[in-house]
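What the coordinates show
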Amino acid sequence: MSLFLVIFFLLACIVVWFIWNREVWKTPTQKFPEQWRKILHQEVLYYAALNKGQKSLFESKVHEFLLNHTIKGVKTKVELLDRLLIASSAVIPIFSFPEWRYTNLKEVILYPSSFNKQFQGGKPDSNIRGLVGYGFMEGKMLLSKRALREGFQNYSDKRNTAIHEFVHLVDKMDGAVDGFPDVLVQHQYSIPWLELMHTKIEEIDKNYSDIDQYGATSKIEFFAVASEYFFERPDLLSKKHPKLYETLENIFKQDMQSMQLKKKRVDIGRNQPCYCGSGKKFKHCHL
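In short, a report on the structure. Just so it is clear, the model here is predicted, and its values are computed rather than measured. (Residues numbered from 1 in each chain as written. Predicted model: local features only at pLDDT ≥ 70, side-chain atom pairs only at ≥ 80, totals over all residues. Heavy atoms only, no water.)

Some details on the pattern of salt bridges
One pass over the full model with this rule turns up 14 salt bridges. For Glu 64, the salt bridge identified is with Arg 101, shortest N-O distance 4.0 Å. With a gap of 37 residues between them, Glu 64 in helix α4 (residues 52–68) and Arg 101 in the loop between α5 (80–91) and β2 (107–111) connect regions that are remote in the sequence. The exposure class assigned to Glu 64 is buried, which follows from its relative accessible area of 17%. On the basis of relative accessible area, Arg 101 is assigned to the partly exposed category, the value being 37%. A salt bridge links Asp 210 to Lys 158; the nearest nitrogen and oxygen atoms lie 3.3 Å apart. Taken together, the residues Asp 210 in the loop between α8 (187–205) and α9 (219–232) and Lys 158 in the loop between α6 (145–153) and α7 (161–172) connect sequence positions 52 residues apart. Judged by its relative accessible area of 18%, Lys 158 is buried. (Salt bridge = Lys/Arg side-chain N within 4 Å of Asp/Glu carboxyl O. Helix = DSSP H or I, 4+ residues; strand = E, 2+ residues; numbered from the N terminus. Buried < 20%, exposed > 50% of the residue type's maximum accessible area, 1.4 Å probe, protein only.)

Put into structure tokens, the structure is as follows:
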């Protein structure tokens, strides 16, 4: 009888420990800050192209992401602009999936610029702009601050490093990073998607395509590279690769071609503090 009580007590302790230590998903309880809204409006074309209701949903998702994921810098300061760009990169691919949560991500680590496999910057082999962690780095994402900002400043190069890495995380949600996100691809699109990837990778290898060469390294990278193209230059993708555009539209459930991806202007005085949160005057920062 005493052994039974000991076992019962130990099991009870385990249950209590689990309940106490489990992470509770946080949802926004406060109003979305106006300063955050200004930054999104000025820096994220995707957000600026949404209607009022969609913007409210986007803000809620951005807020929720920041409440549940840690962002820290290594030898660089994480500014409010960086936090909002990272959150926006996370929200854009899964915007049409209301219940989506990045449960496979705990922390985003921001480096000043590119880094190598040993997470060192300024080395001859420091050419990594973004990375989804594995093994002892599971649950972490590494990003170059420079690449993060360039992804939202240059709207014509079909590249956005942060969106690229979050697409990898989406791909990873089914347990395997293989360029085939089971959580998004409906059954009727599975075989056509695999066949289309094979065709498009062959075109890249033969220099018959304007899709980034990196997309030909694997099906994993093709999915991420094609997704960057889809969210950055949907009109061009639809014109040059109509079948690929249509397939990605079905996967992400977003009609990107109908969005007006044009930069909006934020009304702010030259001598007022910059909306990005840097602490500098607007004329010395984002003007």
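Quick word on the nonpolar core
One finds Tyr 46, Phe 58, Tyr 102, Trp 193 and Leu 248 to be the most contacted residues of the largest nonpolar core, which totals 67 residues. If we ignore the near neighbours within four places in the chain, the residues touching Tyr 102 are Trp 25, Phe 65, His 69, Ala 90, Pro 93, Ile 94, Phe 166, Leu 169 and Val 170. In this structure, Ile 109, Ile 128, Met 137 and Leu 142 belong to the second largest nonpolar core, which totals six residues. (Core = buried A, V, L, I, M, F, W, Y, C linked by side-chain atoms within 4.5 Å. Contact = heavy atoms within 4.5 Å.)

Things to note about the packing of helix α2 (residues 34–43) against α5
Think of two packed helices as two axes; the pair is described by the angle between the axes and how far apart they sit. Where α2 contacts α5, the axes come no closer than 10 Å and their chain directions differ by 65°. Viewed along their axes, α2 and α5 adopt a mutual orientation that is roughly perpendicular. Here the hand of the crossing between α2 and α5 comes out right-handed. Here Gln 35, Trp 36, Ile 39, Leu 40 and Glu 43 of α2 lie close against α5, whose contacting residues are Leu 80, Leu 81, Leu 84, Leu 85 and Ser 88. Here the contact of α2 with α5 is built from residues that sort into seven nonpolar, two polar and one charged. (Axes fitted to C-alpha atoms, helices over the stretch in contact; angles between N-to-C directions. Parallel < 35°, antiparallel > 145°, perpendicular 65-115°, else oblique. Left-handed = near helix turned anticlockwise from the far one by under 90°. Nonpolar A, V, L, I, M, F, W, Y, C, P; charged D, E, K, R; others polar.)

Points about the pairing of β2
Among the five residues in β2, five count as buried, and that is most of the element. Burial of β2 is two-sided: the residues Glu 107, Ile 109 and Tyr 111 facing one way and the residues Val 108 and Leu 110 facing the other way are all buried. Pairing analysis gives four bridges linking strand β1 (residues 70–73) to β2, with the strands arranged parallel. Looking at the pairing, Gly 73 lines up with Leu 110 of β2. (Pairing = 2+ DSSP bridges.)

Some thoughts on the environment of Ser 258
Note on placement: Ser 258 falls in the segment after α11 (242–252). For Ser 258, a relative accessible area of 47% corresponds to the partly exposed category. It is 8.8 Å that separates the C-alpha atoms of Ser 258 and Pro 234, two residues lying 24 residues apart in sequence. In this structure the side chain of Ser 258 is engaged in a polar contact, spanning 2.9 Å, whose partner is the backbone oxygen of Asp 255. (Polar contact = N/O pair within 3.5 Å; in protein donor to acceptor, adjacent residues only side chain to side chain.)

Considering the environment of Leu 45
Tracing the chain through its elements places Leu 45 in helix α3 (residues 45–48). Of the residues examined, Leu 45 reaches a relative accessible area of 9% and is grouped as buried. Each C-alpha atom of the pair Leu 45 and Phe 152 lies 7.9 Å from the other, and the pair is 107 residues apart in sequence.

Observations concerning α9
In this model α9 runs 20 Å from its N-terminal to its C-terminal C-alpha over 14 residues, within 8% of the 20 Å that 1.5 Å per residue would give. Where burial is concerned, most of α9 is hidden: twelve out of the 14 residues are buried. Within α9 the residues assigned to the buried category are Glu 221, Phe 222, Phe 223, Ala 224, Val 225, Ala 226, Ser 227, Glu 228, Tyr 229, Phe 230, Phe 231 and Glu 232. Where α9 is buried, its residues meet α3, α6, α7, α8, α10 (234–240) and α11. (Expected span 1.5 Å × (residues − 1).)

Looking at unusual backbone geometry
Among all residues save glycine, negative phi is the norm, and among peptide bonds the norm is trans. Of note in this structure, Phe 119 is not a glycine but carries a positive phi near 65°. You can see Phe 119 is positioned in the loop between β2 and β3 (130–132). At Lys 253, a position not held by glycine, the phi torsion is positive, near 60°. Looking at the secondary structure, you find Lys 253 in the segment after α11.

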